[in-house]
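Residue-level listing of the chains:
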Amino acid sequence: MATDISIHLDFSTSDVDKPLKFEDSVHHERDSSIKGKEALAREIFAELRKAVNLADYNKSLPETDDLMVAGTSGPRTGAMAFLDMMNVPALWLEIHNTFLGLRYLLGQARAYKDLEPAGTTPISDSLCAYLHFEKMRNLNLAMFQIVKIQDLVVRLLHEAFSGRLIDVDYDEEGWERDLRLMDAKKGLKKLLDSGELRQTEHDEIMDALNVPAKSSKRSTVVKYRNRLAHGILASVDYPEIFTHIQDRAGEVMRDASGKEKGRRYSITVGRSKPEFTFPELYAALVDYMSHIAEMLNALRRIARLS
């Protein structure tokens, strides 16, 4: 049996007599249960609340200066200087867009979290499940975005120094993977030692690159990001819906002399507490994000990188 779904939105404000009205409808060839209809309605209303509140959440997140403002570019010489003049601004645009994407994702994650019905879990309430998974999708994407910004900064440095900062084979597919921050710092030191880079300029770049490491929440971000990228997903808020892996290392048993004589293994049914909570991860990301913004602002003020 087909179903028709009608949506009516009325916008009323105190200074306007006539409400602004919008409506739309969706035709679906399949019918659903009353419980299914209720779940869909709750999700739609939650999405409306999220959309209305999102701007307020975004306002509370760190921002950068205008990364696209025209700067005073340093002198560019050499046969490949014309590529520097095109690639450096392009990298700033990519960094700018990635940072905006990070703010949007993190704001959405916070909005979804705050809509989770109190006293519920994804197992007991379908709306909580919907909001939790949307929250985690946006949070996890934000984690990758913040790491991506740091990768783009290394690429920016490489392009600003005519592609000579790090030794890469441009004929090799995927050569961008060889652009690492550690190698960029070594490349800057080589340019300093050869006289191609002034001490003051070197120090300005290094000071900027070292800003994110000053975040007191960096270890939390790195720990969660490593689990996200390379391991079993860490549990957040609701441990009962995350995978639990048995400890293969076990507990070391030693004799009186301290020599290992065996290992004890315990089979556990799961965690009673999550490994992370959303407020903990959100606070860590916001703090780390503020240091990333500070780094970008400092790099943007350096003439060679403008």
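Residues numbered from 1 in each chain as written. Predicted model: local features only at pLDDT ≥ 70, side-chain atom pairs only at ≥ 80, totals over all residues. Heavy atoms only, no water.

## Quick notes on a negative patch on the surface
Moving on, step 1. A cluster of acidic side chains, namely Asp 167, Asp 169, Asp 171, Glu 172 and Glu 173, defines a negative patch on the protein surface.
Moving on, step 2. Assignment of secondary structure puts Asp 171 in the loop between α3 (126–160) and α4 (181–193).
Moving on, step 3. Looking at Asp 171, the relative accessible area reads 76%, which means it is exposed. (Patch = residues over 30% accessible without salt bridge, like charges linked within 9 Å, V, L, I, M, F, W, Y side chains within 5 Å. Areas by Shrake-Rupley, 256 points an atom, 1.4 Å probe, with all protein chains shown as cover. Salt bridge = Lys/Arg side-chain N within 4 Å of Asp/Glu carboxyl O. Lys, Arg positive; Asp, Glu negative; His and termini not counted. Charge placed at Lys NZ, Arg CZ, Asp CG, Glu CD. Helix = DSSP H or I, 4+ residues; strand = E, 2+ residues; numbered from the N terminus. Buried < 20%, exposed > 50% of the residue type's maximum accessible area, 1.4 Å probe, protein only.)

## Description of the side chain of Thr 220
Moving on, step 1. Position of Thr 220 among the secondary structure elements: in helix α6 (residues 218–230).
Moving on, step 2. For Thr 220, a relative accessible area of 17% puts it in the buried group.

## Digging into the packing of aromatic side chains
Moving on, step 1. In total, this model carries 4 aromatic pairs according to the counting rule given.
Moving on, step 2. Ring centres of Phe 11 and Phe 22 lie 5.9 Å apart, and the angle between their planes is 85°; on these two criteria the pair is classed as edge-to-face. Here Phe 22 lies in strand β2 (residues 20–28) and Phe 11 lies in strand β1 (residues 3–11), a separation of 11 residues in the sequence.
Moving on, step 3. Judged by relative accessible area, Phe 11 falls into the partly exposed class, the value being 46%.
Moving on, step 4. Between Tyr 224 and Phe 276 the ring centres are 5.3 Å apart and the planes differ by 85°, which places this aromatic pair in the edge-to-face class. Highlighted residues: Tyr 224 in helix α6 and Phe 276 in the loop between β4 (260–264) and α7 (278–300), separated in sequence by 52 residues. For the pair Tyr 224 and Phe 276, a shared accessibility class is recorded, and that class is buried.
Moving on, step 5. Taking NZ or CZ as reference, Arg 300 lies 5.1 Å from the ring centre of Trp 92, over its face. (Phe/Tyr/Trp six-rings, centres within 6.5 Å; stacked < 30°, edge-to-face > 60°. Lys NZ or Arg CZ within 6 Å of the ring centre and 35° of its normal.)

## Details of the environment of Ala 293
Moving on, step 1. Looking at the element boundaries, Ala 293 is found in helix α7.
Moving on, step 2. Along the backbone, Ala 293 and Gly 174 are 119 residues apart, and their C-alpha atoms lie at a distance of 28 Å.
Moving on, step 3. Setting aside residues no more than four positions away along its own chain, Ala 293 makes contact with Glu 63, Thr 64 and Phe 99. (Contact = heavy atoms within 4.5 Å.)

## Considerations on a nonpolar patch on the surface
Moving on, step 1. On the surface, a cluster of nonpolar side chains totalling about 900 Å² of accessible area is made up of Ile 7, Leu 9, Phe 11, Leu 20, Phe 22, Leu 40, Ile 44, Phe 45, Leu 48 and Val 52.
Moving on, step 2. Among the elements of the structure, β1, β2 and α1 (34–59) are those that each provide at least two residues to the nonpolar patch.
Moving on, step 3. With 5 residues, α1 is the largest single contributor of residues to the nonpolar patch.
Moving on, step 4. A relative accessible area of 35% places Ile 44 in the partly exposed class.

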